[in-house]
Amino acid sequence: MGLDRAVYNEALRFLFDRPVPEKSGQEWYWHMYEPEFEATPLQWTHIQTVLFANAGVDLAPYNDDQVGMGLNHVMSNNAGDIPHMVNDPFVPLADAMRMMRALPTLWSDCIGPRLDTVHRKIGSCSDRLYFVSYMWFDVWPTFWNAKHIPEWQDAMWQVFCEMLAMPWREAQISALHGIGHEGNRLNRPKELQAHMDAFIRQVKNDDELKTYAQAAARGMVQ
């Protein structure tokens, strides 16, 4: 991809090599005088692509809170512009789509396995990594900014399909939450309904997940 390994390593340290604040403390990215990591929109797009594709290995040195903090900064524009970088007009669509193809791997190799140790009530937890997983497609402005572009609609649909097919419950919940919010913007109502019906039929011994999937199919999630 032409991404300098040193730049990528610096980005990893910037995002994840951070102390976890005390209970009443703030995450590092809220600190006014925190040094910034300088990268172009295209570099940030490539950084995210490599990060998503290699999260299982590259984020292994960091604990769940560190991963949650860093990914929160990547997914949300509450304290920065990282999720807007791929929407920059100077980022080629092909690079943006490559990033989207890598996105499900973040759940299959990193978030899903990390969160699989505890069966959580859907939407009930506030720990950093669970928040990222559950809220990604709710607060992530990247697709919202490109929702009118057919290639982005197709890419987002593929992301949801891959995540629903994963063995990780939290990955499925994240996709369902996203479908509940963004499903009507994917421009494929019949295909979406058929896919959701098939997913609901295969859910066994998990009434909460089945009920949540039914709500997501109707666009009725919080």
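Located above this text is the structure these notes cover.
Residues numbered from 1 in each chain as written. Predicted model: local features only at pLDDT ≥ 70, side-chain atom pairs only at ≥ 80, totals over all residues. Heavy atoms only, no water.

Engineer: What's the story with helix 9 (residues 189-202) in this structure? I'm lost.
Structural biologist: Counting along an α-helix, one turn takes 3.6 residues, and residues three or four places apart therefore face a common direction. An ideal rise of 1.5 Å per residue puts 20 Å on 14 residues; helix 9 measures up with 20 Å between its terminal C-alpha atoms. Considered for burial, the residues of helix 9 that qualify are L192, M196, F199 and I200. Seen end-on, helix 9 carries its buried residues on one side only, within an arc spanning 95 degrees. Summarising the geometry of helix 9, the exposed residues directed more than 90 degrees from the buried face are K190 and R201. (Helix = DSSP H or I, 4+ residues; strand = E, 2+ residues; numbered from the N terminus. Expected span 1.5 Å × (residues − 1). Buried < 20%, exposed > 50% of the residue type's maximum accessible area, 1.4 Å probe, protein only. Arc of directions from axis to C-beta.)

Engineer: Just to check I follow, could you spell out the side chain of S174 for this structure?
Structural biologist: Along the chain, S174 falls in helix 8 (residues 169-182). Contact partners of S174, with chain neighbours within four places excluded, come to W107, S133, F137 and M163. (Contact = heavy atoms within 4.5 Å.)

Engineer: I tried to follow the packing of aromatic side chains on my own but got confused; where do I start?
Structural biologist: Each aromatic ring pair is summarised here by two numbers: the centre-to-centre distance and the angle between the ring planes. According to the stated counting rule, one finds 14 aromatic pairs in the structure shown. An angle of 75 degrees between the planes, with centres 5.4 Å apart, marks the rings of W107 and W136 as edge-to-face. On the criterion of sequence distance, the pair formed by W107 in helix 4 (residues 93-115) and W136 in helix 5 (residues 128-139) is long-range, its members being 29 residues apart. Each member of the pair, W107 as well as W136, carries the same accessibility label: buried. Arranged with centres 5.9 Å apart and planes meeting at 10 degrees, the rings of Y130 and Y134 form a pair that is stacked. Linking Y130 with Y134, this pair stays in helix 5, spanning four residues, or about one helical turn. Among the residues examined, Y130 registers a relative accessible area of 1% and is labelled buried. Sitting above the plane of the W28 ring, R18 keeps its charged end 3.8 Å from the centroid. (Phe/Tyr/Trp six-rings, centres within 6.5 Å; stacked < 30°, edge-to-face > 60°. Lys NZ or Arg CZ within 6 Å of the ring centre and 35° of its normal.)

Engineer: How should the packing of helix 3 (residues 64-75) against helix 4 be read in this particular structure?
Structural biologist: Each pair of packed helices gets described by two things: the angle between the helix axes and the distance between those axes. Their axes nearest at 11 Å, the elements helix 3 and helix 4 cross at an angle of 130 degrees. Classified by the angle between their axes, helix 3 and helix 4 sit oblique to one another. When the axes of helix 3 and helix 4 are compared, the crossing they make is left-handed. Contacts from D64, V67 and L71 in helix 3 reach L106, C110, I111 and R114 in helix 4. A per-class count over the contact of helix 3 with helix 4 returns five nonpolar, no polar and two charged. (Axes fitted to C-alpha atoms, helices over the stretch in contact; angles between N-to-C directions. Parallel < 35°, antiparallel > 145°, perpendicular 65-115°, else oblique. Left-handed = near helix turned anticlockwise from the far one by under 90°. Nonpolar A, V, L, I, M, F, W, Y, C, P; charged D, E, K, R; others polar.)

Engineer: What is the right way to read the pattern of salt bridges from this model?
Structural biologist: Where charged atoms of side chains with opposite charge meet at close range, the side chains can pair. One pass over the structure, following the stated rule, counts nine salt bridges. Of the charged contacts in the structure, one is a salt bridge between R128 and E27, with a shortest N-O distance of 2.9 Å. With R128 in helix 5 and E27 in the loop between helix 1 (5-16) and helix 2 (41-58), this residue pair connects regions lying 101 residues apart in the sequence. With relative accessibility at 17%, the residue E27 sits in the buried group. A salt bridge links R98 to D95; the shortest N-O distance between them is 3.4 Å. In this pair, R98 and D95 are both assigned in helix 4, three residues apart and thus about one turn of the helix distant. (Salt bridge = Lys/Arg side-chain N within 4 Å of Asp/Glu carboxyl O.)

Engineer: Honestly, helix 8 in this entry has me stumped. Any pointers?
Structural biologist: If you check helix 8, its first and last C-alpha atoms are 20 Å apart, about what 14 residues at 1.5 Å a residue would give, namely 20 Å. Most of helix 8 sits out of view: 13 of its 14 residues are buried.

Engineer: Is there a simple way to think about the environment of L115 in this case?
Structural biologist: Here L115 is to be found in helix 4. Considered as a pair, L115 and W168 are 53 residues apart in the sequence and their alpha carbons are 8.3 Å apart. When neighbours within four sequence positions are excluded, L115 is seen to be in contact with R120, L129, Y130, S133 and E170.

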